[in-house]
Number of protein chains: 2
Amino acid sequence: MSNKKILLVEDDPNFGIVLKDYLTLSKFDVTHAKDGLEGLIEFKNNDFDICILDVMMPRKDGFSLAEDIRKTNKEIPIIFLTAKSMKEDILKGYKVGADDYLNKPFDSEVLLYKINAILQRKSSAMDAIEEQFEFQIGRFFLNSKLRQLSFDKQEPIKLSPKENKLLKMLATYKNDLMPRELALIKIWRDDNYFTSRSMDVYIAKLRKYLKEDSEVEIINIHGEGFRLIAK
Amino acid sequence: MSNKKILLVEDDPNFGIVLKDYLTLSKFDVTHAKDGLEGLIEFKNNDFDICILDVMMPRKDGFSLAEDIRKTNKEIPIIFLTAKSMKEDILKGYKVGADDYLNKPFDSEVLLYKINAILQRKSSAMDAIEEQFEFQIGRFFLNSKLRQLSFDKQEPIKLSPKENKLLKMLATYKNDLMPRELALIKIWRDDNYFTSRSMDVYIAKLRKYLKEDSEVEIINIHGEGFRLIAK
DNA sequence: GGAAATCTTAATGAATCGTTAAAAACAAAT
DNA sequence: ATTTGTTTTTAACGATTCATTAAGATTTCC
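Now for a quick tour of the structure. (Residues numbered from 1 in each chain as written. Chains lettered and ligands numbered in written order. Predicted model: local features only at pLDDT ≥ 70, side-chain atom pairs only at ≥ 80, totals over all residues. Heavy atoms only, no water.)

## Section: helix α4 (residues 87-96) of chain B
Residues and elements named next belong to chain B.
Phase 1 of the analysis: Listed as buried for α4 are Asp89, Ile90, Leu91, Gly93, Tyr94 and Val96.
Phase 2 of the analysis: Along its buried surface, α4 packs onto α3 (62-72), β4 (78-82), β5 (100-103), β10 (177-179) and α7 (180-188).
Phase 3 of the analysis: Backbone geometry just after α4 places Gly97 at a positive phi near 105 degrees. (Buried < 20%, exposed > 50% of the residue type's maximum accessible area, 1.4 Å probe, protein only. Helix = DSSP H or I, 4+ residues; strand = E, 2+ residues; numbered from the N terminus. Contact = heavy atoms within 4.5 Å.)

Structure, rendered in structure tokens:
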């Protein structure tokens, strides 16, 4: 099997070369472009498996490049390298369709780990295509495709789109922390005072639905997010 | 298992050689660089497990070298050797991401002890890439992601963010000194009279939580920091 | 003994969250 | 186009959680 091909777009020459060497040693074919425009040209002339883009670059920044890449290819994994851990940047990245992002400086082993994780995720996702849409939550049963929440033999509750997405997300993180920010970005596509308030309203609605089973509850972790507890 | 690899950067030739020999005898592979620039080159060409850097060196001092190292690798443990025990230096070191520091002259056995303690601390966590968030503390169990402290079958105690961060940090330094300044910089992001007082308040809170197990205690080491003792 | 460091409790004010209700936006059907 | 019903957002207010500061007591170090 031939090596996976990486497009690395990074304007800092030193850092770029070190990173390229490191990835080459880790058995990837690396093409190193020095700015966004060069990156776009390389992208169009080759067939890469994954893109690693610096955010801040002359001529064309990483986000803008990502948008252009997405016009050609909706699936290719993109990892952003952001110098600062600005929330602005992270949000923007997710909107452009980032698969992951890393704050510089970072441990190169973490990058390697993320690359492999993403490549694996994509390939297995391709095999199975469909994602999970049925969840057991205590004595409740959620079918997120039909947007129905069932309890015993009772008539199922019909969920609105947002209720459904939120409960599904809580269920995929069952018994674990679902970070508030993540839900806002993925479901509300924005993270501000009002979307956050809106989310609280939906949490209240879900709690009302779920209160028939006393074993099930949604608890808040102050400043962090919510946790759906169910045996 | 192969020996752990140490990058030792020390400009004093006599001291450097003695230290290198001592560490080699203690079953480490030691690369000895004579100044900061040489150290950086060695760092980029090899794969070390830990760095020991003298602070005062010609061409490139230890702090500057540490910053460069951190650009490539955010996790690798760094120990500083400082001639004077200036608080300025210690703070600067921690801000650059030091794991520990030693005042010259020092007992080489102390250095050895610290190296092993740090490697142990890092290795268990680093295997999994993502950081550790579960800790056993005597009969207590801390889940720092969920911010809860459990004791036997009792209802877990919910920890506030600061309580959680502080206890987590104490736990990673379990049975060892957690330097006061380090906690202040990493958790409070500042080191002054008030943050220090605030930390004391949190130590008091944690002691209250932990007093159910008489085998567990947080002791103060006057002028140095705290030590979480647990079997 | 005296200065510096630490311990502990309590008070304050800010940020976050919970809940209800009303307003606005949206969609489907008349 | 207007009506009707659903969904989502905004508003308002109370409740809870949280970090900091103050202040006095106690301990440690020289």
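There's more to say after this.
## What about the sheet that holds strand β9 (residues 157-158) of chain A?
Residue and element names in this part refer to chain A.
Phase 1 of the analysis: Read from one edge to the other, the open sheet built from four strands follows the order β6-β7-β8-β9, with strand pairing classed as antiparallel. The open sheet has two edge strands with one neighbour each: β6 (134-137) and β9.
Phase 2 of the analysis: Pairing geometry for β6 and strand β7 (residues 140-143), over four bridges, is antiparallel. Each bridged residue has a counterpart across the sheet, and for Ile137 the counterpart in β7 is Phe140.
Phase 3 of the analysis: Packing against the sheet, helix α6 (residues 161-172) makes contact with β6, β7, β8 (148-151) and β9, and its axis sits at approximately 70 degrees to β6. (Pairing = 2+ DSSP bridges. Axes fitted to C-alpha atoms, helices over the stretch in contact; angles between N-to-C directions.)

## Here's the deal with the pattern of salt bridges
Residues and elements named next belong to chain B.
Phase 1 of the analysis: Enumeration over the complete set of coordinates arrives at 21 salt bridges over all chains.
Phase 2 of the analysis: Here Lys71 makes a salt bridge to Asp68, at a shortest N to O gap of 3.4 Å. Of the two residues, Lys71 and Asp68 both sit in helix α3, three residues apart, roughly one turn of that helix.
Phase 3 of the analysis: Between Arg139 and Asp152 there is a salt bridge, with the nearest N and O atoms lying 2.7 Å from each other. (Salt bridge = Lys/Arg side-chain N within 4 Å of Asp/Glu carboxyl O.)

## A word on the protein's contact with DNA strand C
Phase 1 of the analysis: Taken together, 21 residues are adjacent to DNA strand C, and Arg207 and Gly223 of chain A together with Arg207, Lys208 and Gly223 of chain B come closest.
Phase 2 of the analysis: Protein-proximal atoms of DNA strand C, defined as those within 4 Å of the protein, fall in sugar or phosphate at a share of 80%.
Phase 3 of the analysis: The separation between a phosphate oxygen of DNA strand C and a polar main-chain atom of Gly223 of chain A is 2.7 Å.
Phase 4 of the analysis: Where the surface near DNA strand C is concerned, the elements lending two or more residues are α8 (193-210) of chain A together with α8 (193-210) of chain B.
Phase 5 of the analysis: Broken down by element, the surface near DNA strand C gets its largest block of residues, six residues, from α8 of chain B.
Phase 6 of the analysis: Its residues placed into classes, the surface near DNA strand C shows five nonpolar, six polar and ten charged. (Near = heavy atom within 4 Å. Polar contact = N/O pair within 3.5 Å; in protein donor to acceptor, adjacent residues only side chain to side chain. Nonpolar A, V, L, I, M, F, W, Y, C, P; charged D, E, K, R; others polar.)

Scope: geometric values only; no functional claims are made or implied.
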